[in-house]
Amino acid sequence: MHDRKIRAFMSTLMLATALAAGAVHAAEPAPPTVALSDRPWMDASLAPEARAELLLRQMSVAEKKTLVFGYFGSPFKERNYTPPAGIRMGSAGFVPGIDRLGIPPQWLTDAGLGVATQRDSTEPMRERTSLPAGIATAATWNPALARQGGVMIGREARLSGFNVMLAGSLNLVREPRNGRNFEYGGEDPLLAGVIVGAQIAGIQSNNIISTIKHFALNAQETGRFVLSANIDEAASRMSDLLAFEIAMDRSDPGSVMCAYNRYEGHYACESDFLLNQVLKRDWGYKGYVMSDWGAVHSTAKAANAGLDQESGYVFDKEPYFGPELLGAALADGSVPMERLDDMNRRILHALFANGVFDHPVNVEDHRIDYAAHAAITRADAEEGIVLLRNKDGLLPLDAGARRIAIIGGHADKGVMAGGGSSTVFGPGGNPVPGLGPQHFPGPVVFHANPPLDAIRARNGSAAVRFDPGSDPAAAAALAADSDIAIIFANQWTGEAMDFPLTLPDGQDAVIEAVAKANPRTIVVLQTGGPVFMPWLDRVGAVMEAWYPGTAGGEAIARVLFGEVDASGRLPVTFPKSLDQLPRPKLDGEDLPQDTPFDVDYHEGAAIGYKWFDKKGLTPLFPFGHGLSYTSFAYKDLTAVQGDDGTLTLSGTVTNTGQRAGKAVPQLYVGPRDGGWEAPKRLAGWQKLDLAPGASAQFSVPVDPRLLAMYDTAGRQWVVTPGRYRVWLGASATDLPLTADVVLKGASLPASKAQ
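Quick caveat: nothing in here was measured; it's all calculated off a predicted structure.

Here is what the cut-offs are and how they apply
- Residues numbered from 1 in each chain as written.
- Predicted model: local features only at pLDDT ≥ 70, side-chain atom pairs only at ≥ 80, totals over all residues.
- Heavy atoms only, no water.
- Pairing = 2+ DSSP bridges.
- Helix = DSSP H or I, 4+ residues; strand = E, 2+ residues; numbered from the N terminus.
- Axes fitted to C-alpha atoms, helices over the stretch in contact; angles between N-to-C directions.
- Patch = residues over 30% accessible without salt bridge, like charges linked within 9 Å, V, L, I, M, F, W, Y side chains within 5 Å.
- Areas by Shrake-Rupley, 256 points an atom, 1.4 Å probe, with all protein chains shown as cover.
- Salt bridge = Lys/Arg side-chain N within 4 Å of Asp/Glu carboxyl O.
- Lys, Arg positive; Asp, Glu negative; His and termini not counted.
- Charge placed at Lys NZ, Arg CZ, Asp CG, Glu CD.
- Buried < 20%, exposed > 50% of the residue type's maximum accessible area, 1.4 Å probe, protein only.
- Left-handed = near helix turned anticlockwise from the far one by under 90°.
- Contact = heavy atoms within 4.5 Å.
- Nonpolar A, V, L, I, M, F, W, Y, C, P; charged D, E, K, R; others polar.
- Core = buried A, V, L, I, M, F, W, Y, C linked by side-chain atoms within 4.5 Å.
- Phe/Tyr/Trp six-rings, centres within 6.5 Å; stacked < 30°, edge-to-face > 60°.
- Polar contact = N/O pair within 3.5 Å; in protein donor to acceptor, adjacent residues only side chain to side chain.

> What exactly am I supposed to notice about the sheet that holds strand E10 (residues 386–390) here?
Across a sheet, strands are paired by hydrogen bonds formed along the backbone, either parallel or antiparallel in direction. Read across the open sheet, the 6 strands follow the order E10-E17-E16-E15-E11-E14; overall the sheet is mixed. Strands with a single pairing partner mark the edges of an open sheet, and in this sheet they are E10 and strand E14 (464–467). Strand after strand, the sheet turns through a mean of 15° between neighbouring axes, direction not considered.

Written as structure tokens, this is what we have:
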């Protein structure tokens, strides 16, 4: 969200908060008090649209200005900023309520992993449950689990006194070096849209609002305030925008957060194309658009382009939607009063539709059930852990059977978290203080759930020894004197920065030394995305644990010892080298700070595995890859198009191994004669829990947009008639079954109003 770099180029605020608000409110007589008995908008039996309209008619101009202007919820020493009364200290934002009309304040918290605390808070950090990284939840390929996690963090937000959660991070992984990839849902629009949509729906089940963000093409952190993301409209509609559309179809988030970057030359929060045409007209969105913190650059242009609420104004150069500037724009007609009404109508609609009016929040954090919530985040972490390599069945481990060396990664203290606005401080605080940048997006935070303790609990304390991994020779000596060595290799990533795809701090050398001393070496990666593995062929097993949340140490141990199956599957492609990427050199990395530049997404909709397919490249690990402790066989692939035009794909999967496990049969589709951005697209999947020898049938209806190309001139999705191929298997490159189907042509309007 908001980083410290923005402060270097922001000008001094025009007005102090209290003075700005007071000056404008004084110009308008105080409206009369409305009795509780005379508030028809509080009738919960009415539709949100009707309630919003009834309330809007009673609002004064000053009150309408109040709802479109948000304050930062924490002190900001560099700007001499003190937040207004009524905030939740250490929070992301605050919009005052209007007592006269019963409009509740909006208390905003970061973010999609749990209730975060801003670093500038003068009070102790809130200690809350953290889900694993968003990319880890995507790696579960389990929408039900994603929804359950959303329900959990939404409940903690509610009990912490927040009714707006800045969750729903969805930007596709176009750039694997992006420091925020750990927050997102991977590289495929269907997988990301389904998983993130499920989480948003879970959050909003608590009668609070979730955002979806960052709209759109916020795909790298380098130059994120100045770059222009340039892409063909059709390609955008079939990739990044499709991910948002799918997620919104499944969750109807109360708010959409527009991004920092420019989109085709226009700031995303000033993009008429993104906000008015795509979001509000084509998709029929009824909620409101809030800005990211520091993403507003104008009053009239932003308001008329579709921005409904300025958030955390202290990060913007000026309070663009503050009473003075907005009042001037209303007075000269550059912002019509009808537009201010629409801004308020949308905010009120979201508050009514999500139960914020009818179910007010209070600070009741004593009611948080941390034990129950730990079980939820642990289950998410377990299913998101991806077993990448397992030579000769080295895993799972037998409890108490071997002397184990645990090396590196601060595994004796806890598990790593990603950096920036999404960081949650877990129960027990940060057990490894002082690491990384001490300014935003740092410091590096760990969760106090040590893998070492969890492994010792299963293997016997005397048989498990720890080495910090700072000296390759010492680590190798311990490994040589052990039956098995487990190395925890970490790469911290965070907001406002991009990162190389190499492990830092000489960890590759430690892994090489340990693997040479003991080939029965297991590497547990805690990273925010793909990394290179020059030692891959010399280690016995590799597990990608991502940032596994506040119960991550226990989750890692449970997978290592086979108490649960290794059932995660990659939501991103792991490249072998930079020259396999569409842009081997990161755009803007050598430019002076704040120098505008363009990023031309010439790959269009061919992101990740689609790019690798199109170019005939072999990745280090493909999208969808993940090993299990058992084996699965697929059969009976069928593809049938019904009378209504729906393509349904079916098949059977059998657990052919000796252990229970979770299969993730993946279905892909593509035209036999080509014509798409890549040979195939993910069309669907299911996650199935199977006992040894058990079989399960599955059937997946295919979203028609996944069979179509977007026609910009006609503003519609077009399915070309002809022969298509369908694939079934375990990853984007492991697809043993194929079938052909002849599809009828069809068109689907882009606008839901048509």
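Text resumes after the structure shown.
> Hey, could you run me through a negative patch on the surface in this one?
Taken together, Asp232, Glu264, Asp598 and Asp600 make up a surface patch of like negative charges. Relative to the helices and strands, Asp598 resides in strand E18 (residues 598–600).

> Would you mind showing me how to read the pairing of strand E28 (residues 722–729) here?
Within a regular strand, side chains alternate between the sheet's two faces. Taken together, the 6 bridges between strand E22 (residues 666–671) and E28 define a ladder with antiparallel strand orientation. The residue bridging Leu667 from the neighbouring strand is Leu728, located in E28.

> Looking at this structure, how should I read the pairing of strand E2 (residues 106–109)?
Taking every second residue as pointing to the same face, both faces of E2 are buried, with Gln106 and Leu108 on one and Trp107 and Thr109 on the other. Sheet analysis places strand E1 (residues 93–95) next to E2, joined by 3 bridges and oriented antiparallel. By the bridge assignment for E2, Phe94 is matched with Trp107. Of the strand pairs in this sheet, E2 and strand E3 (residues 164–165) are connected by 2 bridges, and their pairing is parallel. For Thr109, the partnering residue across the bridge sits in E3 and is Met165.

> Just to check I follow, could you spell out unusual backbone geometry for this structure?
Across residues other than glycine, the phi torsion is negative in most instances, and most of the peptide bonds are trans. Cis peptide bonds are those with omega within 30 degrees of zero, and the linkage from Phe440 to Pro441 qualifies with 10°. Looking at the element boundaries, Pro441 is found in the loop between strand E12 (415–416) and strand E13 (446–447). A cis geometry characterises the amide bond from Gly442 onward to Pro443, with omega recorded as 0°. With respect to the helices, strands and loops of the structure, Pro443 is situated in the loop between E12 and E13.

> How should I be thinking about the packing of helix H7 (residues 189–204) against helix H9 (residues 240–251) in this particular structure?
The N-to-C vectors of H7 and H9 enclose an angle of 35°; their axes lie 7 Å apart at closest approach. The chirality of how H7 crosses H9 is right-handed. Every residue of H9 that contacts H7 at Pro189, Leu190, Gly193, Val194, Gly197, Ile200, Ala201 and Gln204 is listed here: Leu242, Ala243, Ile246, Ala247, Arg250 and Ser251. Among the residues forming the contact of H7 with H9, the class breakdown is 9 nonpolar, 4 polar and 1 charged.

> Is there a simple way to explain the nonpolar core in this structure?
The nonpolar side chains of soluble globular proteins are, as a tendency, buried together. Phe215, Trp293 and Leu348 are the most contacted members of the largest nonpolar core, which has 158 residues in total. When residues no more than four places from it in sequence are discounted, the contact partners of Phe215 are Leu241, Phe244, Val256, Met257, Cys258, Ala259, Ala268, Leu274, Leu275, Val278, Leu279 and Trp283. Counting residues in hydrophobic clusters, the runner-up holds 44 residues, among them Val173, Ala489, Leu525 and Phe621.

> Any chance you could explain the packing of aromatic side chains here in plain terms?
How two aromatic rings sit relative to each other is set out by the distance from centre to centre and by the angle between their planes. Taken as a whole and judged by the stated rule, the model has 23 aromatic pairs. A ring pair is formed by Phe215 and Phe244, whose centres lie 5.1 Å apart and whose planes are at 75°; its orientation type is edge-to-face. Of this pair, Phe215 sits in strand E4 (residues 209–215) while Phe244 sits in helix H9, and the two are 29 residues apart along the sequence. Taking relative accessible area as the criterion, Phe215 reaches 0% and is therefore assigned buried. A relative accessible area of 1% places Phe244 in the buried class. With centroids separated by 6.0 Å and ring planes inclined at 50°, the aromatic side chains of Trp676 and Tyr724 adopt a geometry described as tilted. Pair noted here: Trp676 is in the loop between E22 and strand E23 (681–685) and Tyr724 is in strand E28, with a separation of 48 residues, a long-range link.

> Could you clarify how one ought to interpret the side chain of Asp110 in this entry?
With respect to the helices and strands, Asp110 occurs in the loop between E2 and helix H5 (134–139). Although Asp110 lies buried, it forms no salt bridge, and the closest oppositely charged side chain, Lys213, sits 4.2 Å away as judged by the N-O distance. At 3.0 Å, the side chain of Asp110 forms a polar contact with the side chain of Gln118.

> Please clarify how the side chain of Ser291 should be interpreted in this entry.
Checked against the element boundaries, Ser291 lands in strand E9 (residues 288–291). Looking at Ser291, its side chain comes within polar contact range of the main-chain nitrogen of Ser311, at 2.9 Å. Contacts of Ser291, omitting those with residues within four sequence positions, involve Met257, Cys258, Cys269, Val296, Leu307, Gln309, Glu310 and Ser311.

> What should I look at first to understand the sheet that holds strand E5 (residues 228–230) in this one?
Read across the sheet, 4 strands follow the order E8-E7-E5-E18 without closing on themselves; strand pairing throughout is mixed. A strand with exactly one partner marks an edge of an open sheet, and here the two such strands are strand E8 (266–267) and E18. Pairing between E5 and E18: 3 bridges, direction parallel. Counterpart to Asn230 in the pairing with E18 is Asp600.

> Even after reading the chapter, I still don't get the environment of Asp689, so can you show me in this structure?
For Asp689, the position within the fold is in strand E24 (residues 688–690). Residues Asp689 and Gly661 lie 28 residues apart in sequence; the distance between their C-alpha atoms is 5.8 Å. Setting aside anything within four residues of it in sequence, one finds Asp689 in contact with Gly661 and Lys662.

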